[in-house]
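# Close look at the chain arrangement
The primary structure of each chain is shown beneath.
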There are 4 protein chains.
Amino acid sequence: MKKLNIPQTHNSLTKFRVRYVETDAMGIVHHSAYLAWFEMGRADLGRKIGFPYSDIEKHGFYYPVTEVFCSYKNSACYDDEVIVKTWIHTVRSRSFIFGYEIYNLERLLVTGYTKHIVINRNGKVTRLPENLFLAYKNFDTDLLG
Amino acid sequence: MKKLNIPQTHNSLTKFRVRYVETDAMGIVHHSAYLAWFEMGRADLGRKIGFPYSDIEKHGFYYPVTEVFCSYKNSACYDDEVIVKTWIHTVRSRSFIFGYEIYNLERLLVTGYTKHIVINRNGKVTRLPENLFLAYKNFDTDLLG
Amino acid sequence: MKKLNIPQTHNSLTKFRVRYVETDAMGIVHHSAYLAWFEMGRADLGRKIGFPYSDIEKHGFYYPVTEVFCSYKNSACYDDEVIVKTWIHTVRSRSFIFGYEIYNLERLLVTGYTKHIVINRNGKVTRLPENLFLAYKNFDTDLLG
Amino acid sequence: MKKLNIPQTHNSLTKFRVRYVETDAMGIVHHSAYLAWFEMGRADLGRKIGFPYSDIEKHGFYYPVTEVFCSYKNSACYDDEVIVKTWIHTVRSRSFIFGYEIYNLERLLVTGYTKHIVINRNGKVTRLPENLFLAYKNFDTDLLG
């Protein structure tokens, strides 16, 4: 699982600058900030394929994170322009996995994934609605290709 | 308002250590961390007088912050032992003000206040329940004296 | 001081979306997140006038925050598009004040200011270099007008 | 690696309460907060065996995180009392792994690990000083047993 197959073409790119609050006393970005950046990456991907997560919650579905893996190769610094490359790695009926690579303008910083389950308003694990399931399933071939 | 009268005896003390994630690239604690520390101070005060904020929310009351002021005099660093001194500065029927001083073992770091209103589950401004109003009103004379 | 004169034309606009990590259990953005957004606002302003803060630090000057004021009028929610309007309110030889207004697409959310001093690598209060002083001084008439 | 051997007796316990700022709009603790809690856990462990991380940095050694894994089983909520169980899982000459379990008073919330390398002031990977290497190596048998 940790060796992710990274799609070269079908992925969503999110770009922003490092905030000062995200740095720490080592002078680099704190390792926990990358989890928020993963989140920005998958938010953007969802919006691009027509299913913003804010809408999904309004329809009573939630995607809590059940697993995170993050491998840190290089450090980002304050004000760096950062690019998050996000893709959908696996989709099952009740869970799915996003893959990520994070870069600054010079090099690869971080690779990782987040695993999510689908729950309803009562916190019960539930199936992805069919249209979402298909949108995720066809993500790399259809919508961002 | 900014010149707070600081009660010498009737206040609540909260002690903890600075986390690495709270520091920034200047090598000191980021100025936004103190707002979370104010929050810990008033949480502790509420618990001590028998009204933990988690219970207040369960009863359908919420205390959103409507104003923050923070004056930074000295910097905290990673692993410093920090003490938040919290008191109730003003209580009205629908709003109240907490005052704070934050110290490390050597000096005063920050003074400030937060102003809160009381809202209900529908987000409407509402009166503090009588028992809470009295507990806050009598805070300095009765409960922590 | 709290009644800021808000320049109608000479200010810098910064736009982004609310991150999930910035929300709290009230379902809205946590009040401490706005301080990070102020920071993004002044970072953007500095870059626009040719003095990115990352460069300023490389030259041995730092702008620690000595005072924050924030008045919360309305709440932002997850995924809201947020706009930070930033301007330079006062410039002195060793300190300056940024003013801010934060909006989502519907309304004004927050007004506030941050006060900063200028220090050098040894933490000693120092004068703004002349070119920076002038750039800040002429901010509203020259560069973003 | 993901199946950690959890030492039943030789570990360090760290206890604190969930802050409001750590919650998100799902009403639970945001998944990134657990990384800060891991950090608190290993800070505490280091202090207990006589090598606080703040001292280690003063001697010119830094422990950046090179890998994080986190498996989320249950959610913590605001004001929960949380316990982080931390242990040293592996020690090599230039890197080591901490293991973690996080509980509230009712159940296991999260298991995970962080992998660290040792670098010096110039950012170069370096060997753990002998006394630190031994302290980590003997952690479970000697110092907290």
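Okay, so let's go over this structure.

Quick notes on the rules
Residues numbered from 1 in each chain as written. Chains lettered and ligands numbered in written order. Predicted model: local features only at pLDDT ≥ 70, side-chain atom pairs only at ≥ 80, totals over all residues. Heavy atoms only, no water. Contact = heavy atoms within 4.5 Å. Buried area = accessible area lost by both parts, 1.4 Å probe. Salt bridge = Lys/Arg side-chain N within 4 Å of Asp/Glu carboxyl O. Polar contact = N/O pair within 3.5 Å; in protein donor to acceptor, adjacent residues only side chain to side chain. Helix = DSSP H or I, 4+ residues; strand = E, 2+ residues; numbered from the N terminus. Nonpolar A, V, L, I, M, F, W, Y, C, P; charged D, E, K, R; others polar. Pairing = 2+ DSSP bridges. Buried < 20%, exposed > 50% of the residue type's maximum accessible area, 1.4 Å probe, protein only. 1 Å grid on protein atoms, 1.4 Å probe; cavity = no way out; pocket = protein on both sides within 12 Å on 5 of 7 lines; lining within 4 Å. Points joined across faces, edges and corners; volume = space filled by probe spheres on them. Arc of directions from axis to C-beta. Core = buried A, V, L, I, M, F, W, Y, C linked by side-chain atoms within 4.5 Å.

### With respect to the interface of chain A and chain D
By a widespread convention, an interface's size corresponds to the accessible area lost as its parts come together. Taken together, the 23 residues of chain A in the interface contact 23 residues of chain D. The contact between chain A and chain D buries some 1800 Å² in all, and 61% of this surface belongs to carbon and sulfur atoms. Summed over the shared surface of chain A and chain D, the number is zero salt bridges. Inspection of the region where chain A meets chain D yields six residue pairs in polar contact (both at pLDDT 80 or more). Breaking the side of chain A that touches chain D down by element, the ones donating at least two residues are α1 (33-48), α2 (53-58) and β2 (65-72) of chain A. Of the residues forming the side of chain A that touches chain D, the biggest block, eight residues, is contributed by β2(A). Class assignment for the residues of the side of chain A that touches chain D results in 13 nonpolar, five polar and five charged. Pairing of β2(A) with strand β3 (residues 65-72) of chain D, which is carried by five bridges, proceeds in the antiparallel orientation. Bridging from a neighbouring strand, A:Val68 pairs with D:Cys70 of β3(D).

### Considerations on the environment of A:Gly50
Residues and elements named next belong to chain A. Here glycine 50 is to be found in the loop between α1 and α2. A relative accessible area of 49% means that glycine 50 is categorised as partly exposed. Along the chain, glycine 50 and aspartate 80 lie 30 residues apart, while their C-alpha atoms are 29 Å from each other.

### Structural notes on empty space enclosed by the protein
Applying the stated criterion across every chain, the model contains one cavity of 30 Å³ or more. Space inside the largest cavity adds up to approximately 840 Å³. Surrounding the largest cavity, 30 residues form its lining, A:Val21, B:Val21, B:Ser32, C:Val21 and D:Val21 being those nearest its centre. Looking at the lining of the largest cavity, the elements with two or more residues in it are α1 of chain A, α1 (33-48) of chain B, α1 (33-48) of chain C together with α1 (33-48) of chain D. Its residues assigned to classes, the lining of the largest cavity shows twelve nonpolar, ten polar and eight charged.

### Examining helix α3 (residues 130-137) of chain D
Looking at α3(D), one finds that the buried residues are D:Leu132, D:Ala135 and D:Tyr136. An end-on view of α3(D) places all buried positions within 95 degrees of arc, on one side of the element.

### Focus: the nonpolar core
Counting residues in hydrophobic clusters, the biggest one holds 86 residues, and the most contacted among them are A:Tyr34, A:Trp37, A:Tyr136, D:Tyr34, D:Trp37 and D:Tyr136. Not counting residues up to four positions away in its chain, the partners in contact with D:Trp37 are B:Arg19, D:Phe16, D:Val18, D:Glu22, D:Val29, D:Ala76, D:Val82, D:Val84 and D:Ile102. Counting 85 residues, the second largest nonpolar core, distinct from the first, contains B:Val18, B:Val82, B:Phe96 and C:Phe98.

### Side note on the pattern of salt bridges
Tallied over the entire structure, the rule returns 40 salt bridges over all chains. Here C:Glu81 and C:Arg17 are joined by a salt bridge, their closest N and O atoms 3.9 Å apart. Taken together, the residues C:Glu81 in strand β3 (residues 81-91) and C:Arg17 in strand β1 (residues 12-17) connect sequence positions 64 residues apart. Between D:Asp44 and D:Lys48 there is a salt bridge whose closest N-O contact spans 3.9 Å. Of this pair, D:Asp44 and D:Lys48 both sit in helix α1, four residues apart, which is roughly one turn of the helix. Here the salt bridges do not stand alone but share partners, grouping A:Lys15, A:Arg17, A:Asp79, A:Glu81, C:Asp44, C:Arg47 and C:Lys48 into one network.

That's the geometry; what it means functionally is another story.
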